[in-house]
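Residues per chain, in single letters:
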Amino acid sequence: MSLLAADDAGLQTGKRNADHFTREGIWIDTDGQVGEDFQMIRMSALASRLKRRLLPVDRPPDQLVGDPDAPYIFRWRLWPKNPLINAYLHNVVRADDEAALHDHPWPSVSIMLAGTIDETFAARKGEKVRKLRAGDVVLRKSRFAHRLSPVLTEPAWTLFITGPRVREWGFHCAQGWRDWKTFVEARKGGKYNGCDDP
């Protein structure tokens, strides 16, 4: 694993396990194929400041992501939606669809503001899981396939920033990639898991 780490003593580089660095440090993980699709930086102090400034007080969410009766993300837009760059405050209250990992239509940056999320993602040899905690910053390409599952000991909040739309998005089923509209249509009525054909 190749790491770039910075702390009060200055910049360090080397091959180490990321667990050796404290939560107060900053590290970037660029491990193999995963490194081609994401980079992670841990900055607890920045997350704490962003959380204090961005958490809504009385404003209802702009969007409920998932089933309207049981959403898994409450979303607040931080400025009007546009084709170049958008920013959202997310309150992740339950896991993404477990039938398959999903990707996105744009590159994105996630900053963990509070709580903990288990992120399952596609790796060279199957799937891996990592914990995202307050202060973690994750940069993802649009094709990066993942699933989020909050650890519900405290609310999970993220700042989610998206770039311009570059592709259609969808789900990575065992039978292959399936666009989101086909996946959602297959789930209607609750008889199929989205990857199955109705």
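Here's a quick rundown of the structure.

Here is what the cut-offs are and how they apply
Residues numbered from 1 in each chain as written. Predicted model: local features only at pLDDT ≥ 70, side-chain atom pairs only at ≥ 80, totals over all residues. Heavy atoms only, no water. Pairing = 2+ DSSP bridges. Helix = DSSP H or I, 4+ residues; strand = E, 2+ residues; numbered from the N terminus. Buried < 20%, exposed > 50% of the residue type's maximum accessible area, 1.4 Å probe, protein only. Phe/Tyr/Trp six-rings, centres within 6.5 Å; stacked < 30°, edge-to-face > 60°. Lys NZ or Arg CZ within 6 Å of the ring centre and 35° of its normal.

A closer look at the pairing of strand β11 (residues 126–133)
Argument step 1. Inspection of the sheet shows strand β10 (residues 116–123) paired to β11 by 8 bridges, in the antiparallel sense. The residue of β11 that forms the bridge with Thr116 is Arg133.
Argument step 2. Adjacent in sequence and paired antiparallel, β10 and β11 are bridged by 2 residues.

Concerning the side chain of Arg140
Argument step 1. Of note, Arg140 is situated in strand β12 (residues 136–140).
Argument step 2. Residue Arg140 is classed as buried on the basis of its relative accessible area of 5%.

Description of the packing of aromatic side chains
Aromatic ring pairs: the centre-centre distance and the angle between the two ring planes describe each pair.
Argument step 1. Tallied over the entire structure, the rule returns 6 aromatic pairs.
Argument step 2. A centroid spacing of 5.9 Å and a plane angle of 25 degrees characterise the contact between Phe121 and Phe144, whose relative ring orientation is stacked. Of this pair, Phe121 sits in strand β10 while Phe144 is found in the loop between β12 and β13 (146–151), placing the two residues 23 residues apart along the sequence.
Argument step 3. For Phe121, a relative accessible area of 5% translates into the label buried.
Argument step 4. Relative to Trp180, the ring of Trp169 lies with its centre 5.7 Å away and its plane at 5 degrees, an arrangement referred to as stacked. With Trp169 in the loop between β14 (156–162) and β15 (170–173) and Trp180 in helix α3 (residues 180–187), this residue pair connects regions lying 11 residues apart in the sequence.
Argument step 5. Residue class for Trp180 comes out partly exposed when judged on its relative accessible area of 28%.
Argument step 6. Aromatic rings pair up to connect Trp169, Phe171, Trp180 and Phe183 into one cluster.
Argument step 7. Looking at Arg75, its charged tip hangs above the ring of Tyr88, at a distance of 4.6 Å from the centre.
Argument step 8. Positioned over the ring face of Phe121 is Arg130, at 4.9 Å from the centre of the ring.

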